[in-house]
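Topology and contacts: notes
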Amino acid sequence: MTATLDRRDRAPRTGPPAVEVTDVSKVFGSGADAVVALDGVDLTVAPGEFVCLLGASGCGKSTLLNLVAGLDQPTSGTVAAGSARPAVMFQEAALLPWLTAGRNVELPLRLAGAGRTERRERARELLTLVRLEGLAEKRPHELSGGMRQRVALARALAAATGMGGSGATEIQPGVLLMDEPFGALDAITRDFLQAELLRVWEATGTTILFVTHDVRESVRLAERVVLLSSRPGRVVREWGTGSETDVEELHEHITTELREVISAHGR
Amino acid sequence: MAGEDRAVITAERDESVDVGRGLDALDTPTERRVPLWRRFATGVVPPIVALVLFVVVWQLLWASAIWPEFKLPAPGAVFGQIADEFASGQALSIIWTSISRAVLGFLFALVIGTPLGLLVATVPLVRSAIGPLLSGLQSLPSVAWVPAAVLWFGLTDGTIYFVVLMGAVPSIANGLVSGIDQVPPLLPRVGYAMGATRSQAARLIMLPAALPGFFSGLKQGWAFSWRSLMAAEIIATSPSLGFGLGAYLNQGQSLSDMPSVMAAIILILIVGIGVELIAFRPAERRILRARGLATGP
Ligand SMILES: Nc1ncnc2c1ncn2[C@@H]1O[C@H](COP(=O)(O)OP(=O)(O)OP(=O)(O)O)[C@@H](O)[C@H]1O
Ligand SMILES: [Mg+2]
């Protein structure tokens, strides 16, 4: 039994990429204070793929994610994110505190103009998917940190997949962007939520681009790990993981590479 | 092999479900419901005891006759005066005159202060132009406007409403500005990431998020309306202005009728506290409780 056992080996993916970043650069400010956050980044994510962006603090991971989310514009290069708008999840759950968990999940559907009964039904479905059935009437402050993050996951899924099909199996897969979503949680809750995310990913077939600076997390979750260098952020290397990968060896390997990238900065 | 793996997976999954349930149960904040008698004992009893003590001390001071009767009347005389005014129906008419003015003035202030606050909060140029003035006006006692208002509007309702507006509008506008300023920037970002248009983000995210700050501005705005109204009524008295609590107080002074002066003060206080308790407190509690911000029982 290998540690990647709970990963379903998938058929090779076809069709147009879900996310395509071509030669993207991003410069903040101008003149002497200009910060080159990203420089000539290329990244392609296939539909249904789970990709982790790995890099040291301040290397431009969030910047890249914001560009893909359309929250910011690149200085040069192009960002294409499939047909539908990608959904974003942040380190904080960022739930609206005056709405119940159910209403929070409904919000993206409401913004998209869905009717009241159908979006309520869909929110119930998604809350069940993240194992929060029956908690739709709770307010965010009545939930634990891990539960709030799962409500945020359900909301992001609602945003990424819209009304979907009538059942959880017929959901239109969307694109989910996650910026260190478990970074603020304790180790046990994080471990549990990583397993939950994998389960949800398998159940929905959603494309996931996941930012982290935790090598172990990236190796556990992703099918492909992309390492970014710091200032300017560039793609240094990438690794695929499969059922025959030795996790410990890969972890060791990526950690070494990451150290090298970081210490290159000190020189 | 494959079947065996699946069995292992299922076992792992079940275990993880249990872990999840356990984590949820352990981490969920528990809400403590304060029993009704406890809330009564901590919220209602102390003010009543304080009030009784106050009246007792007053009665003792009066009985000791340190001050002459026309300076310190007996509690009984003052409460008798209030009872008489209610019995003759005059109290209700006086109170109604004042409250209807204060409420109308407050509503005007709301209609002016809300767009003003929105403008200051969202347009940087407007903010730098009139933001400081608006907070400055908040500390200017609105009674200072009475002489100017009398010269501009004469002894009409215009004077009264002008003074009330100058008292309440800055509070309401500033409340909205600080409410909007205190919204965590992540909330509108999340909204835009979910595809909200600007107007949707304003309506569904910014305004509800700014509500606690706005509401405390409203509360202060009401207090300032009431205060400013009393100042205006005491200073600007005329038969053409109707007979409100302020005029009643003024009349008590000119007749050297201490019981009715104190009766007026008590009525002004009761109306102020009453509106706060009946209208603002429950709404504020609902707003804060929905957000998990409520403090105290
Ligand atoms: N709005 C901005 N204005 C100026 N500089 C910025 C801005 N946003 C980010 N930067 C700079 O761009 C670089 C990349 O920032 P970014 O937030 O993308 O890093 P990150 O990889 O997400 O880091 P972390 O792991 O700490 O979240 C940093 O050096 C940061 O200082
Ligand atoms: Mg970041």
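Residues numbered from 1 in each chain as written. Chains lettered and ligands numbered in written order. Predicted model: local features only at pLDDT ≥ 70, side-chain atom pairs only at ≥ 80, totals over all residues. Heavy atoms only, no water.

Another point: unusual backbone geometry. Positive phi, normally seen in glycine, also occurs at Ala-94 of chain A, with a value near 50 degrees. Tracing the backbone shows Ala-94 of chain A in the loop between strand E5 (87-89) and helix H2 (101-111). (Helix = DSSP H or I, 4+ residues; strand = E, 2+ residues; numbered from the N terminus.)

Moving on, we get to the confidence of the model for chain B. Interpretation of this model should avoid reading the predicted coordinates in detail wherever pLDDT is low. Residues and elements named next belong to chain B. Of the residues in chain B, 93% reach a pLDDT of 70 or more, and the chain-wide mean stands at 86. Segment residues 1-10 is flagged for pLDDT under 50; beyond a separation of four residues in sequence, or across chains, it makes 4 contacts in the model. Scored as a complex, the prediction yields pTM 0.79 and ipTM 0.79. (pLDDT = per-residue confidence, 0-100. Contact = heavy atoms within 4.5 Å.)

Let's shift gears to the pattern of salt bridges. Residues and elements named next belong to chain A. The tally for this structure, following the rule as stated, stands at 15 salt bridges over all chains. The salt bridge partner of Lys-26 is Asp-72, with a shortest N-O separation of 3.4 Å. Of the two residues, Lys-26 sits in strand E1 (residues 19-28) while Asp-72 sits in the loop between helix H1 (61-69) and strand E4 (76-80), which places them 46 residues apart along the sequence. (Salt bridge = Lys/Arg side-chain N within 4 Å of Asp/Glu carboxyl O.)

Pairing between the strands of a sheet is mediated by backbone hydrogen bonds and can be parallel or antiparallel. All names here are of chain A. An order of E5-E6-E7-E3-E8-E9 is seen for the 6 strands of this open sheet, with the pairing classed as mixed. Looking at the sheet topology across the chains shown, the edges are occupied by E5 and strand E9 (235-240). Across this sheet, the average inter-strand angle for adjacent strands is 15 degrees, counted without regard to direction. Two strands pair when backbone bridges link them, and strand E3 (residues 50-54) and strand E8 (residues 224-228) are joined in this way by 4 bridges, in the parallel orientation. Of the residues in E8, the one forming a bridge with Cys-52 is Val-225. (Pairing = 2+ DSSP bridges. Axes fitted to C-alpha atoms, helices over the stretch in contact; angles between N-to-C directions.)

Before going further, it helps to examine the confidence of the model for chain A. All names here are of chain A. Chain-level statistics for chain A give a pLDDT mean of 81 and a share of 89% at 70 or above. Every residue in residues 1-8 is under pLDDT 50, and counting partners more than four places away or in other chains gives 22 contacts. In the predicted structure, residues 166-171 sits below a pLDDT of 50 and forms 11 contacts with residues beyond four places in sequence or in another chain.

Moving on to empty space enclosed by the protein. Summed over the entire model, instances satisfying the criterion amount to 4 cavities of 30 Å³ or more. In terms of lining residues, the largest cavity is bounded by 14 residues, among which Val-88, Met-89, Arg-155 and Ala-156 of chain A together with Val-190 of chain B are the most central. Those elements that provide at least two residues to the lining of the largest cavity are E5 and helix H4 (145-161) of chain A together with helix H9 (186-193) of chain B. No other element matches the 4 residues that H4 of chain A contributes to the lining of the largest cavity. Grouping the constituent residues of the lining of the largest cavity by class yields 12 nonpolar, no polar and 2 charged. (1 Å grid on protein atoms, 1.4 Å probe; cavity = no way out; pocket = protein on both sides within 12 Å on 5 of 7 lines; lining within 4 Å. Points joined across faces, edges and corners; volume = space filled by probe spheres on them. Nonpolar A, V, L, I, M, F, W, Y, C, P; charged D, E, K, R; others polar.)

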